[in-house]
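Results of the structural survey
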Amino acid sequence: MTDSALTPPLTKTAPASSLRRWWHGSSRLRFLIVFTVVVLGLWEWGCWVTGVRSFTFPAPSLVWRELIADPVWLAQNTAYSLGAALAGFAISVALGLLLSIGIVYSRILDRTLFTSLVATNAIPKVAIAPLFVLWIGTGIESKVLMAVLVSIFPMVVDSVVGLRSVDPGTLDLARTYRGSNLQIFWKIRFPGALPSIFAGMKVAISLALVGTIVGEFVGSNWGLGFVILQSQGQFNTPRVFAAIFVLSVLGILLYQAVDLIERRAMPWHVSHRNRHDDH
Amino acid sequence: MTMAAASAQADMADNSGVQAADALVKLRSVYKTYQSERGNVLALENVNLDIRQGEFLSLLGPSGCGKSTLLRCLAGLERISSGEVWVRGNELAGPPEDLGIVFQRDMLLDWRTVLDNVLLPLEFLRRPTKGYVEPALKLLETFGLRRSADRYPWELSGGMRQRVAICRALLSDPALLLMDEPFGALDAITRDNLNIELQRIWTQTHKTILFITHSISEAILLSNRVAVMARDPGRIEEIVEVDLPWPRTLAMRETPEFIHHAAAVRKIFERLGAFTG
């Protein structure tokens, strides 16, 4: 068989074949698509067959109609929640790292701060949300604060574990060469703690979103939490579902973003190692 | 003990010691006790030792005889309980300058390439690493690691990793090299290869090396002298001179002279009851 015999049909069906290649390339994606289509189909079918009322349990087509009904308004509310969650996450990461460094290096902070942090974590933080609205109003600040409060605990706990679990042998090595505490921190402790720190960040990013929505539930005129509460009051259940859908997509994207940063930050870590084929 | 008394004792020891003037490191009546739940444990008892300039000295003994403790005290990682340690005429306070150290585990940092791992001590010593990149690559070359300079530790075998650790210890060109069972975790063949490579490095540079092992044949193969240690309490029992010719080869282990030395050392352990428990 010659090249010329092969080429024409290939070029003719180029878009279809690249699509086919993509389809065959990722079995995980293929499974996900098929699974989603089947679930949505069953859901839609079930709604029409049982005749369940849309304000009790809306069909996917109705949810979709809500999603595209007022995209600008929905996008604005999404941006509000995203902004609050990201701000809360950023504060939580920065503050969490600082606190954990303090806890690791200071016995007093370990005994006071860490202990009280563990104790206060037992309080359901959702229960204190109304207090924040009382103290700092219904603006975005109370949402950010709620996000910080909910997400900082795993951040601190995981960072402390990471910073503490440094190999004593590498510390001996550093001390033999008279490395300063600052050098030991930046060259050994901190890079060694990165896997734990990122584990904490992955939990924290999801919790920051939870905190934001709780904050919005308690008192807000903006955000996806507000959209859910308002639509529920109007018995507009399809819109509640639409907001929840956006929220879950947001959650997945934020998690994936942290995961991507993790891969970039520590390609050396066991979980990201891809052996080169050249040896 | 007053300073005058201390120096007087050191002088006495100098006069009685053999070739003490050439000693890079002197240990005088060194004791080390640990506090434990069962009370004080005597890890080192009355250790007197001279490590001569340029010699290869092995500390040989069973687990728990204090050989690692002795090395850690020399490296400034632990304080001695009493006695004196002198390095080049200065009494030891903290990690001495001009020191290289290799542990049983390689202690390579996962997030650094081989080259960056080798440069790490110079960063701690606050020396500009730029000028050391070429020497580092040359050093890696002598261990057959030139092509692995940009690899990460997890891409290397155990033997290669330990070679990197040796390069890391050698790069600052230390006068004293401390090696704490550096080949203890390696397979026998890799261990043999590294013994020969280490001997080559030593004969080329004539660094003073303190080498810890619990293998009689490894100690005899590599050393000028072998300090045989005993446990409970940890102490130096006897120092054996190894007068085998250089360079030593792996095949030498089957010669009568080598076997004679090994038997002599083994007899010390037998006398100590090390083999009967």
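Residues numbered from 1 in each chain as written. Chains lettered and ligands numbered in written order. Predicted model: local features only at pLDDT ≥ 70, side-chain atom pairs only at ≥ 80, totals over all residues. Heavy atoms only, no water.

**Observations concerning the overall build of chain A**
Stated precisely, the cut-off is as follows: Here a strand is any run of E in DSSP of at least two residues, a helix any run of H or I of at least four, and the numbering for each starts at the N terminus. Atoms counted for the radius of gyration: C-alpha only. Globule rule: 2.2 Å times residue count to the power 0.38. Any two residues whose heavy atoms approach within 4.5 Å at even a single point are treated as in contact. Using a 1.4 Å probe, accessible areas were evaluated by the Shrake-Rupley method; residue-level cover was limited to the displayed protein chains. In this charge count, Lys and Arg are treated as positive and Asp and Glu as negative; neither His nor the chain ends contribute. To locate a charge, take NZ of a lysine, CZ of an arginine, CG of an aspartate or CD of a glutamate.
When helices and strands are counted, chain A shows twelve helices and zero strands. The order of α-helices and β-strands along chain A, N terminus first, is α-α-α-α-α-α-α-α-α-α-α-α. A compact globule built from 279 residues should have a C-alpha radius of gyration of about 19 Å, whereas chain A, at 25 Å, is more than 25% larger. Dimensions of chain A along its principal axes, counting C-alpha atoms only, are 70 × 70 × 30 Å. Here the contacts in chain A between residues at least 6 apart in sequence split such that 71% fall between residues at least 24 apart. Approximately 16,000 Å² of chain A is accessible, and the part contributed by carbon and sulfur atoms is 70%. For chain A, the centre of its 22 positive side-chain charges and the centre of its 14 negative side-chain charges are spaced 3 Å apart.

**Section: helix H11 (residues 224-233) of chain A**
Residue and element names in this part refer to chain A. How we decide: Each residue's exposure class comes from its accessible area (1.4 Å probe, protein chains only) as a fraction of the maximum for that residue type: buried when under 20%, exposed when over 50%, partly exposed otherwise.
Every buried residue of H11 is listed here: Leu224, Gly225, Phe226, Val227, Ile228 and Ser231. Buried-residue contacts for H11 involve helix H5 (71-105), helix H10 (181-218) and helix H12 (237-265). Phe235, located one to two residues past H11, shows a positive phi value of around 55°.

**Section: the sheet that holds strand E5 (residues 90-91) of chain B**
Rules: Only when DSSP finds a minimum of two bridges between them are two strands counted as paired.
One open sheet holds the four strands; their spatial order is E2-E1-E4-E5 (chain B), and the pairing between them is antiparallel. Of all the strands in the sheet, just strand E2 (39-52) and E5 of chain B have a single pairing partner and so form its edges.

**Quick notes on empty space enclosed by the protein**
As a reminder of what qualifies: Put plainly, a pocket is an open set of points on a 1 Å grid over the protein atoms alone with protein on both sides within 12 Å along at least five of seven lines, a cavity is a set where a 1.4 Å probe fits but cannot get out, and a lining residue has an atom within 4 Å of a point. Grid points are joined across faces, edges and corners, and a volume is the space filled by probe spheres set on the points.
Using the criterion set out here, one finds one cavity of 30 Å³ or more in the structure. A:Glu66, A:Ala69, A:Asp70, A:Trp73, A:Leu74, A:Arg239 and A:Ala242 together form the lining of the largest cavity.

**A closer look at the packing of helix H4 (residues 60-69) of chain A against H12(A)**
Helix packing geometry: the angle between the two helix axes and the distance between the axes. Residues and elements named next belong to chain A. In plain terms, the rule: A fitted line through C-alpha atoms serves as each axis, taken over the contacting stretch for helices, and the angle formed by two N-to-C directions is quoted from 0 to 180°. Oblique is the label for every angle not falling under 35 degrees (roughly parallel), over 145 degrees (roughly antiparallel), or within 65 to 115 degrees (roughly perpendicular). Following the grouping adopted for this structure description, the nonpolar residues are Ala, Val, Leu, Ile, Met, Phe, Trp, Tyr, Cys and Pro, the charged ones are Asp, Glu, Lys and Arg, and the polar ones are all others, Gly among them.
For the pair H4 and H12, the least separation of the axes is 8 Å and the interaxial angle reads 75°. With respect to their mutual orientation, H4 and H12 come out roughly perpendicular. Each of Leu62, Val63, Glu66 and Leu67 in H4 lies in contact with H12, whose residues at this interface are Pro238, Arg239, Phe241, Ala242, Phe245 and Val246. Its residues placed into classes, the contact of H4 with H12 shows eight nonpolar, no polar and two charged.

**Some words on unusual backbone geometry**
Residues and elements named next belong to chain B. Each neighbour pair has its own omega, and for Asp232 with Pro233 the value is -10°, a cis peptide bond. Mapped onto the fold, Pro233 is located in the loop between strand E9 (225-230) and strand E10 (235-241). For Asp232, which is not glycine, the phi dihedral falls at a positive 55°. Looking at the element boundaries, Asp232 is found in the loop between E9 and E10.

**Focus: the interface of chain B and chain A**
The following threshold applies: What counts as buried area is the accessible surface, traced by a 1.4 Å probe, that two parts surrender upon association, with contributions from both included. In the sections that follow, a salt bridge refers to a side-chain nitrogen of Lys or Arg positioned within 4 Å of a carboxyl oxygen of Asp or Glu. We define a polar contact as two N or O atoms separated by no more than 3.5 Å, with the added condition that, inside protein, one atom must be a possible hydrogen donor and the other a possible acceptor, whereas residues neighbouring each other in sequence contribute only through side-chain atom pairs.
Each partner contributes residues to the interface: chain B has 27 residues there, and chain A has 24 residues. A combined buried area of about 2,600 Å² lies between chain B and chain A, and 61% of that area is made up of carbon and sulfur atoms. Per-residue buried area on chain B facing chain A is highest for B:Trp111, B:Phe124 and B:Trp154; these three make up 31% of the total on that side. Salt-bridge contacts for A:Asp172 lead to B:Arg72; the nearest nitrogen and oxygen are separated by 2.7 Å. At the boundary of chain B with chain A, the tally comes to eight residue pairs in polar contact (both at pLDDT 80 or more). Among the elements that make up the side of chain B that touches chain A, the one with the highest residue count is helix H3 (residues 114-124) of chain B (four residues). When the residues that make up the side of chain B that touches chain A are grouped by side-chain class, the tally is 16 nonpolar, one polar and ten charged.

**Points about the confidence of the model for chain B**
Residues and elements named next belong to chain B. Selection rule: Per-residue confidence from the predictor is reported as pLDDT, a score between 0 and 100.
Scored by pLDDT, chain B has a mean of 86; 91% of the residues are at 70 or more. The low-confidence segment residues 1-20, where pLDDT is below 50, has 16 contacts with residues more than four positions distant or belonging to other chains. Across the assembled chains, the prediction reports ipTM 0.84 with pTM 0.82.

**Overview of the pairing of strand E3 (residues 56-60) of chain B**
Residues and elements named next belong to chain B. For E3, a buried count of five out of five residues is recorded, marking the element as mostly surrounded by other parts of the structure. Neither face of E3 is exposed, since Phe56, Ser58 and Leu60 on one face and Leu57 and Leu59 on the opposite face are all buried. Alignment of E3 against strand E8 (residues 208-213), held across five bridges, turns out to be parallel. Bridging from a neighbouring strand, Leu57 pairs with Leu210 of E8. Pairing of E3 with E9, which is carried by four bridges, proceeds in the parallel orientation. For Ser58, the partnering residue across the bridge sits in E9 and is Val226.

**Describing the pairing of strand E1 (residues 23-36) of chain B**
Residue and element names in this part refer to chain B. Taken together, the ten bridges between E1 and E2 define a ladder with antiparallel strand orientation. Residue pairing across strands places Tyr34 opposite Val41, the latter belonging to E2. Once E1 ends, the chain turns through two residues before running back antiparallel as E2. As judged from the five bridges shared by E1 and strand E4 (residues 82-87), these two strands associate in the antiparallel manner. When the bridges of E4 are listed, Val25 appears paired with Val87.

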